[in-house]
Amino acid sequence: MFGAGGGTSSYREAEETDMVLLWGSNARETHPIFFHHLLRGVRNGARLVAVDPRRTSSAEWADLWLGIDVGSDIALANAIAREIIDEGLADKEFIQRATTGFDNYAKCVEPYTLERAERETGVPAGAIKEVAHAYGRADRAMICWTLGITEHHNAVDNVLALINLALLTGKVGRYGCGLNPLRGQNNVQGGGDMGAIPNRLPGFQDLEDPAMRAPFERAWKATVPSKRGYHLSQMFESMEHGEMRAVYIVGENPARSEADQTRAVRLLSGLEHLVVQDIFLTQTAELAHVVLPAAAGWAESEGTVTSSERRVQRVRRALEPPAGARDDIEIIVEVARRLGCDWGHPTAERVWDECRSLSPMHGGMSYARLDELGGIQWPCPDETHPGTQFLHARLWNDPVEGPRAPFSVVEHDPPVDKLSDEFPIRLTTGRRLDSFNTGVQTGGYTSPLRQPEALLLSPADGARLGIVDGERVMASSRRGSVEVPVRFDATLRPGLAFLTLHFPDQVATNILTIDATDPKSGTAEFKASAIRVDKLATVS
C-alpha cells in the first residue's frame with residue numbers, strides 16, 4: 001500500500017484484532033492457513049464480517065454476511081464511508097495530520113446514501129449501517145481481500161475504495177489494523193518483490209527513475225531499459241496486432257487461465273516462437289516450439305519464498321529433480337550463455353545476496369538470519385534489523401515521516417458484461433479447497449473432497465429453468481458456449497452462478513469469461529460474466 005506492494009499487517013495481528021472485514025475472499029477454501037489465524041481471532045472475540053456474492057464456507061463463520069451483487073464493491077465501500085462521516089466516526093486528527101484529499105473524497109461519497117447503496121449492491125441498508133458503525137467504532141480492525149476485489153475491470157479502484165476506509169478511520173499503521181491482499185498463489189508476493197511487475201525493479205523500485213536504475217546498471221554492467229514493459233493483457237494485445245511474435249513463459253498456463261480462452265489459444269498458437277519452462281507439460285506447453293523441463297521449486301530447488309505477510313523464508317531442496325529437468329536458475333543461466341552472456345554458475349544464495357545488495361528492503365535478510373529467525377518480514381534494511389511486523393507506523397509520527405497517504409476519488413462502475421434478457425444470469429468464478437488453478441498440479445491426484453466440475457445454480461433458478469440437479473446443460477456467454485452438468489447450491493441467490501477453472505478438460509470455463517481489463521493493472525474481469533443456461537435438445 002502507498003507505494004509498497006504488500007499487506008500492511010502480520011498474520012498474528014488477525015488473532016488479536018477486534019474486527020475483520022473479509023471482502024471478496026473465501027479464505028476458508030482459498031487461503032486455509034491464513035484462515036486458521038483469522039479463526040483464532042474470532043475465538044478471541046473479534047467480529048468477522050464477510051462481503052461476498054456467495055454465502056461461502058468463510059461466510060458461515062462470520063457474524064454478518066453482506067451478500068453483495070457482483071461488481072458493486074465501490075458503491076458499498078463509499079456508502080460505509082458516508083455513514084462513518086455522517087455519524088462523526090471518522091478519525092479527524094489522523095485525517096488532518098496523515099492524509100491528503102479528504103475534502104474531495106467526502107464530496108465523492110456524499111451521494112452514496114444507504115438507500116442508494118441498497119439499490120446498487122443488493123445489501124440491506126440496515127446491514128450496511130451496522131457494518132459502518134462497527135468498523136468506525138472498533139479500536140482495531142483489518143480489511144482483507146482477494147480476487148473477488150481484483151478480478152474486475154476496475155480492480156485498482158476497488159482496492160482504493162477499501163484503502164479509503166482504513167484512512168478514514170485511522171486503521172492503518174497500528175498493530176491489529178491494516179489492509180491485506182491475500183495472495184492467490186504460492187510466492188506471488190515474492191514474484192512482485194523481485195520485480196515481476198512491468199514498471200518495477202526488485203524491491204518495488206521504480207524502473208523509470210534513473211536514480212533507482214543506476215545501482216542495477218553498475219552491478220550488471222548493462223543498460224536497464226528506462227521504459228516500463230507490458231503487463232499480461234497488453235502482451236496479448238501486442239500479439240493480436242502482430243507486434244509481439246516470440247514469448248517465453250515460465251510457470252504459467254495462459255492457454256487455460258486467461259479470460260476469453262478461445263482468443264488466448266489462437267494468439268499463442270500464432271506466435272513465431274513460443275518457449276515454455278514448466279514442471280508439467282501443460283496445455284500451453286503443448287503449443288510451444290520449445291519446452292524447457294524445470295525442477296519443482298517447492299521440493300527440488302533452493303531459494304526463498306515470500307508469504308502474504310511479507311515474510312521471506314528459506315526453501316530447501318528435498319529431492320533431486322527427475323532426469324531431464326533442471327533448476328530454474330540453471331536453465332536461465334544457460335539460456336543467457338547461449339545468448340552471449342556468461343554469468344558463471346551462480347548458486348541460489350549468490351543470486352539472493354546480489355538481490356539483497358540492490359534491494360534495500362531485503363538488505364538484512366542473509367540466509368543465516370532467515371534460518372535463525374525462521375523468516376523475516378520486509379522491510380529489513382540491515383543485519384541488525386528484526387524485520388517489520390506492520391507497515392506505515394510513520395503515519396502516526398507527528399509530523400508524519402515521508403509523504404502523507406492520499407484519499408482516492410472512486411465511483412461505482414458496474415460490470416462490463418451487462419445482464420440482459422438474452423444473458424440474464426451473472427456468472428462468477430473462483431477456486432475450491434481441493435484443487436489449484438488450472439488443475440495441472442492437482443488434477444492427476446484424487447481427493448475425497450473433490451467433485452466433478454459443475455455449474456452451480458440456486459435451486460430457484462433450476463426450478464425456473466426446468467432443470468434437475470445433475471442435468472447437463474449448455475451455458476453460453478457472448479463469447480462462446482460450454483456443455484456442463486448443473487449442481488444446485490443453496491449458498492447461491494437466484495440469478496447468480498458459479499464455476500471454477502480447475503478442470504478445463506471437463507469444462508472450459510474461460511471460454512465464457514470476458515477479457516475486459518482494468519487499464520491500471522491489466523487484470524481481466526473474471527468475476528462478472530453474463531450467461532444464459534439452456535436445456536440440451538433431446539435426441540428422439
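Description of the structure in this document. (Residues numbered from 1 in each chain as written. Predicted model: local features only at pLDDT ≥ 70, side-chain atom pairs only at ≥ 80, totals over all residues. Heavy atoms only, no water.)

Where helix H4 (residues 73–86) contacts helix H8 (residues 125–137), the two axes come as close as 9 Å, and the packing angle between them is 60°. Between H4 and H8, the angle is such that the two are oblique. In this structure, H4 meets H8 at a crossing whose hand is right-handed. Where H4 abuts H8, its residues Leu76, Ala79, Ile80, Glu83 and Ile84 lie against Ile128, Lys129, Val131, Ala132, His133, Tyr135 and Gly136. When grouped by side-chain class, the residues that make up the contact of H4 with H8 number eight nonpolar, two polar and two charged. (Axes fitted to C-alpha atoms, helices over the stretch in contact; angles between N-to-C directions. Helix = DSSP H or I, 4+ residues; strand = E, 2+ residues; numbered from the N terminus. Parallel < 35°, antiparallel > 145°, perpendicular 65-115°, else oblique. Left-handed = near helix turned anticlockwise from the far one by under 90°. Contact = heavy atoms within 4.5 Å. Nonpolar A, V, L, I, M, F, W, Y, C, P; charged D, E, K, R; others polar.)

All right, on to empty space enclosed by the protein then. It is a probe the size of a water molecule, rolled over the atoms, that shows where empty space is left. Applying the stated criterion across every chain yields a total of two cavities of 30 Å³ or more. Lining the largest cavity are 24 residues, and of these Gly24, Asp52, Gly148, Thr429 and Lys527 lie nearest its centre. Listed by contribution, the elements that provide at least two residues to the lining of the largest cavity are helix H9 (147–150) and strand E16 (425–430). The greatest single-element share of the lining of the largest cavity, amounting to three residues, is contributed by E16. Residues belonging to the lining of the largest cavity are distributed by class as follows: seven nonpolar, twelve polar and five charged. Here the second largest cavity defines a volume of roughly 50 Å³. (1 Å grid on protein atoms, 1.4 Å probe; cavity = no way out; pocket = protein on both sides within 12 Å on 5 of 7 lines; lining within 4 Å. Points joined across faces, edges and corners; volume = space filled by probe spheres on them.)

What follows concerns unusual backbone geometry. Of note, the amide linkage connecting Trp378 to Pro379 takes the cis form, showing an omega dihedral of 0°. Inspection of the secondary structure assignment puts Pro379 in the loop between strand E14 (376–377) and strand E15 (405–406). Following Asp398, the chain continues into Pro399 via a peptide bond in cis, with omega recorded as 5°. Looking at where Pro399 falls in the secondary structure, it is placed in the loop between E14 and E15. If you check the backbone angles, Arg310 has positive phi at about 70° while not being a glycine. Position of Arg310 among the secondary structure elements: in the loop between strand E12 (303–306) and strand E13 (311–315). Of the residues examined, Arg310 reaches a relative accessible area of 0% and is grouped as buried. (Buried < 20%, exposed > 50% of the residue type's maximum accessible area, 1.4 Å probe, protein only.)

This part covers H8. Its 13 residues place the ends of H8 18 Å apart at the C-alpha level, agreeing with the 18 Å of an ideal helix rising 1.5 Å per residue. Buried residues of H8: Ala125, Ala127, Ile128, Val131, Ala132, His133, Ala134, Tyr135 and Gly136, and no others. (Expected span 1.5 Å × (residues − 1).)

Turning to the packing of aromatic side chains, a few remarks are in order. Overall, the coordinates contain seven aromatic pairs when judged by the stated rule. Among the aromatic residues, those joined into a ring-pair cluster are Phe102, Tyr105 and Phe407. Here the guanidinium or amino end of Arg54 rests over the ring plane of Phe498, the centre of that ring lying 3.7 Å away. (Phe/Tyr/Trp six-rings, centres within 6.5 Å; stacked < 30°, edge-to-face > 60°. Lys NZ or Arg CZ within 6 Å of the ring centre and 35° of its normal.)

Looking now at the layout of surface pockets. The computed volume of the second largest pocket comes to approximately 700 Å³. Surrounding the second largest pocket, 29 residues form its lining, Thr30, His31, Pro32, Ile33 and Asn186 being those nearest its centre. Within the residue set of the lining of the second largest pocket, elements represented by two or more residues are helix H2 (27–30), helix H3 (32–43), E12 and E13. Among the elements that line the lining of the second largest pocket, the one with the most residues is H3, at three residues. When grouped by side-chain class, the residues that make up the lining of the second largest pocket number nine nonpolar, 13 polar and seven charged.

What follows deals with the sheet that holds strand E10 (residues 273–278). One open sheet holds the three strands; their spatial order is E9-E10-E11, and the pairing between them is parallel. The open sheet has two edge strands with one neighbour each: strand E9 (246–250) and strand E11 (290–293). With direction set aside, neighbouring strand axes in the sheet form an average angle of 10°. Note that E9 and E10 share five bridges and pair parallel. From the neighbouring strand, Val247 faces E10, where its bridge partner is Leu274. (Pairing = 2+ DSSP bridges.)

In total, this model carries 38 salt bridges according to the counting rule given. The residue Lys520 makes a salt bridge to Asp157 at a minimum N-O spacing of 2.8 Å. Placement of Lys520 in the loop between strand E20 (496–500) and strand E21 (529–535) and of Asp157 in helix H10 (residues 155–169) is noted, with a sequence separation of 363 residues between them. Two residues, Arg311 and Glu309, come together in a salt bridge whose shortest N-O distance is 2.8 Å. On the accessibility criterion, Arg311 (22% relative accessible area) is partly exposed. Of the residues examined, Glu309 reaches a relative accessible area of 7% and is grouped as buried. (Salt bridge = Lys/Arg side-chain N within 4 Å of Asp/Glu carboxyl O.)

Our next topic: the environment of Pro386. Relative to the helices and strands, Pro386 resides in the loop between E14 and E15. Between the alpha carbons of Pro386 and Gly364 there is a distance of 8.6 Å; along the sequence they are 22 residues apart. When near neighbours in sequence (up to four residues on either side) are disregarded, Pro386 contacts Arg369 and Ile376.

What is shown is where atoms sit, not what they do.
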